[in-house]
Amino acid sequence: MSTQRLNRLTPYMFVAPAGVVMILALFYPIGYMIWGSFRDWDPSQSLSETEFVGLANYAKLLVDPAFHTSFWVTLVFAFTVVTVEMILGVGLALLLDRNIRGMSVLRTMFILPMMIAPVVVGLVWRYMFHQTYGTFNRFLEAVGLPTVDWLGQNPLLSVIIADIWQWTPFIFILSLAALQSLPRSALEAARIDGASSWQQIIHIKLPLMMPVLIVTMLLRLIDAFKVLEVILVLTGGGPGLSTEILALRIARTAREFRELGEAAAMSNYLLMLLMVLTLGMFAFTRWQEARARRAKFAQAAEEG
């Protein structure tokens with residue numbers, strides 16, 4: 001083998017061990033799940049003993065009302081919590097991006113909910129939402145208002161509130177990091193030109209933060225589609241199917257209904273949805289970057 005060819009292959013030889021580990025740890029389980037979705041698979045059977053049913057599991061889900069309900073609940077839950085968390089997280093980052101006494105302690109306090117285990121979060125909010133001795137209903141009684149059966153009448157709203165409380169700090173800490181990494185020269189120039197604080201936020205800070213915000217929103221959106229522990233502890237997916245998101249539906253289908261092939265097909269539907277969202281987000285980012293480059297070139301041409 002020539003020296004030139006060996007030099008070309010050397011980088012691939014260094015990457016090869018990591019590639020093998022990735023294939024074994026990532027792609028093999030995904031392939032196993034995809035293949036299992038085409039089988040009539042019971043937990044008592046190994047995959048080789050199952051019957052091949054083709055797209056029957058996927059077709060069954062398309063006409064399953066329970067799957068449709070879980071899918072819709074998942075969409076409502078995920079997009080609601082991510083939207084509210086992005087607004088609150090970015091807003092808090094803009095508010096706390098100041099050098100004043102005690103600010104470091106306040107920032108630390110804001111990220112504490114993110115450090116708590118989801119099961120504990122579910123238990124805490126379950127007691128707070130309790131109809132008899134919960135914190136919210138005691139407050140309502142104290143101000144003379146009727147109590148509310150939070151987990152019975154507003155179960156999805158209750159789950160959304162608990163998730164927002166836990167994961168807004170995730171948006172906050174990444175947004176704050178993005179804010180503190182902004183070029184101070186641009187902010188100083190805007191301040192010298194007489195831009196108000198609001199104008200600096202709209203025209204300088206948010207546009208410069210956008211790449212980080214898009215990645216942050218994507219990460220949080222993917223995670224919101226897979227929330228399980230908090231909902232399981234708070235409502236168990238009920239009443240009825242009102243808070244049963246796809247992750248919980250998949251777990252029940254595999255564990256209680258013993259339909260591993262159908263659960264795998266459901267997981268693949270969720271995987272395809274997340275892939276579409278991810279590709280759409282990256283396409284939007286590329287489009288935004290291309291538009292910014294065109295605007296920069298146009299401005300340079302005008303000045304030239």
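Structure: above.
Throughout what follows, the structure given in this document is the object of discussion.

Cut-offs and rules
- Residues numbered from 1 in each chain as written.
- Predicted model: local features only at pLDDT ≥ 70, side-chain atom pairs only at ≥ 80, totals over all residues.
- Heavy atoms only, no water.
- Helix = DSSP H or I, 4+ residues; strand = E, 2+ residues; numbered from the N terminus.
- Rg over C-alpha atoms; globule rule 2.2 N^0.38 Å.
- Buried < 20%, exposed > 50% of the residue type's maximum accessible area, 1.4 Å probe, protein only.
- Contact = heavy atoms within 4.5 Å.
- Areas by Shrake-Rupley, 256 points an atom, 1.4 Å probe, with all protein chains shown as cover.
- Lys, Arg positive; Asp, Glu negative; His and termini not counted.
- Charge placed at Lys NZ, Arg CZ, Asp CG, Glu CD.
- Expected span 1.5 Å × (residues − 1).
- Bend = angle between axes of the 7 residues up to and from the residue.
- Axes fitted to C-alpha atoms, helices over the stretch in contact; angles between N-to-C directions.
- Parallel < 35°, antiparallel > 145°, perpendicular 65-115°, else oblique.
- Left-handed = near helix turned anticlockwise from the far one by under 90°.
- Nonpolar A, V, L, I, M, F, W, Y, C, P; charged D, E, K, R; others polar.
- Phe/Tyr/Trp six-rings, centres within 6.5 Å; stacked < 30°, edge-to-face > 60°.
- Core = buried A, V, L, I, M, F, W, Y, C linked by side-chain atoms within 4.5 Å.

With that settled, the discussion passes to the overall build of the chain. The helix and strand inventory of the chain stands at 14 helices and two strands. Relative to the compact-globule value of 19 Å for 304 residues, the chain shows a C-alpha radius of gyration of 25 Å, a clear excess of over 25%. With respect to the principal axes defined by its C-alpha atoms, the chain has extents near 85 × 70 × 35 Å. When each of the 304 residues of the chain is scored for burial, the buried share is 36%. Contacts spanning at least 24 positions in sequence make up 67% of the contacts within the chain whose residues lie at least 6 apart. Carbon and sulfur atoms make up 68% of the accessible area of the chain, which totals about 18,100 Å². Side-chain charges of the chain comprise 23 positive and 21 negative groups, with the mean position of each set lying 9 Å from the other.

A separate point is the environment of Glu 229. Of note, Glu 229 is situated in helix 12 (residues 229–234). With a relative accessible area of 40%, Glu 229 lands in the partly exposed category.

So, about helix 9 (residues 155–180). Between the first and last C-alpha of helix 9 there are 38 Å, a value that for 26 residues agrees with the 38 Å anticipated at 1.5 Å per step. The largest bend along helix 9 reaches roughly 35° and is located at Gln 166, with the proline Pro 169 sitting one to four residues downstream.

At a minimum axis distance of 10 Å, the contact between helix 3 (residues 65–96) and helix 11 (residues 197–224) shows a crossing angle of 140°. As the angle between them shows, helix 3 and helix 11 are arranged oblique. Between helix 3 and helix 11 lies a crossing whose hand is right-handed. Residues Phe 77, Ala 78, Phe 79, Val 81, Val 82, Glu 85, Met 86, Val 90 and Leu 94 of helix 3 pack against Ile 201, Lys 205, Leu 206, Leu 213, Met 217, Arg 220, Leu 221 and Ala 224 of helix 11. Residue composition of the contact of helix 3 with helix 11, by class: 14 nonpolar, no polar and three charged.

Here the focus is the packing of aromatic side chains. Aromatic ring pairs are defined here through the distance separating the ring centres and the angle between the ring planes. Here the structure, examined in full by the defined rule, presents 18 aromatic pairs. Taking 5.1 Å as the distance between ring centres and 15° as the angle between the ring planes, the aromatic pair formed by Phe 129 and Phe 136 counts as stacked. Among the residues examined, Phe 129 registers a relative accessible area of 1% and is labelled buried. We classify Phe 136 as partly exposed; its relative accessible area is 26%. Through a chain of ring-to-ring contacts, the aromatic side chains of Trp 35, Phe 38, Phe 52, Tyr 58, Phe 67, Phe 71 and Tyr 269 assemble into a single cluster.

The next point concerns the nonpolar core. Within the largest apolar cluster, 56 residues are counted, with the highest numbers of intra-cluster contacts made by Val 81, Phe 225 and Leu 234. Per element, the largest residue contribution to this core is twelve residues, and it comes from helix 3.

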